[in-house]
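# Fold and geometry: a report
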Amino acid sequence: MCEKCEELDQKIAHVRRLAKAGLDELTLSRFAALIEEYERQKKALHPDN
C-alpha cells in the first residue's frame, strides 16, 4: 500500500472512532460523507485496483 493510502486509512479509522461517540445524526452523516470522500481519493490513486 502506498504512503498516501496509509494516510487515508488512518484518517478513515480516526473518523470511524469519532463516529462511535454517539453523536447527532447530522454529524454522523457528515462523518459518513467524509469517509466516502477518503475512499474515493484512495480509488483515484489506484484506478486499476
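This section reports on the structure supplied with the text. Please read all numbers here as calculations on a predicted model, not as lab measurements.

### Details of the pattern of salt bridges
- Enumeration over the complete set of coordinates arrives at four salt bridges.
- Between Lys4 and Glu7 there is a salt bridge, and its shortest N-O distance comes to 3.7 Å. Taken together, the residues Lys4 and Glu7, both in helix α1 (residues 3-19) and three residues apart, mark about one turn of the helix.
- For Lys4, a relative accessible area of 36% gives the class partly exposed.
- Measuring nitrogen to oxygen at the nearest pair gives 2.6 Å for the salt bridge that ties Glu37 to Arg40. Residue Glu37 and its partner Arg40 are located together in helix α2 (residues 25-45), separated by three residues, close to a single helical turn.
- In this structure Glu37 comes out as partly exposed when scored by relative accessible area, which is 29%.
- Each of Lys4, Glu7 and Lys11 takes part in salt bridges that share partners, so that together they form one network.

### Side note on the state of the cysteines
- Enumeration over the complete set of coordinates arrives at zero disulfides.
- With no disulfide of its own, Cys2 lies 3.4 Å from the sulfur of Cys5, the closest cysteine sulfur.
- The partly exposed category is assigned to Cys2, whose relative accessible area is 27%.

### With respect to α1
- Under the 1.5 Å per step criterion, the end-to-end length of α1 is 25 Å for 17 residues, consistent within 8% with the ideal 24 Å.
- Buried within α1 are the following residues: Cys5, Leu8, Ile12 and Val15. What you see down the axis of α1 is that its buried residues fit within an arc of 85 degrees, all on one side. Residues of α1 that are exposed and angled more than 90 degrees away from the buried face: Glu3, Gln10 and Arg17.
- The elements touched by buried residues of α1 are α2.

Parameters at a glance
- Residues numbered from 1 in each chain as written.
- Predicted model: local features only at pLDDT ≥ 70, side-chain atom pairs only at ≥ 80, totals over all residues.
- Heavy atoms only, no water.
- Salt bridge = Lys/Arg side-chain N within 4 Å of Asp/Glu carboxyl O.
- Helix = DSSP H or I, 4+ residues; strand = E, 2+ residues; numbered from the N terminus.
- Buried < 20%, exposed > 50% of the residue type's maximum accessible area, 1.4 Å probe, protein only.
- Disulfide = S-S within 2.5 Å.
- Expected span 1.5 Å × (residues − 1).
- Arc of directions from axis to C-beta.
- Contact = heavy atoms within 4.5 Å.

Honestly, it's all geometry; don't read function into it.
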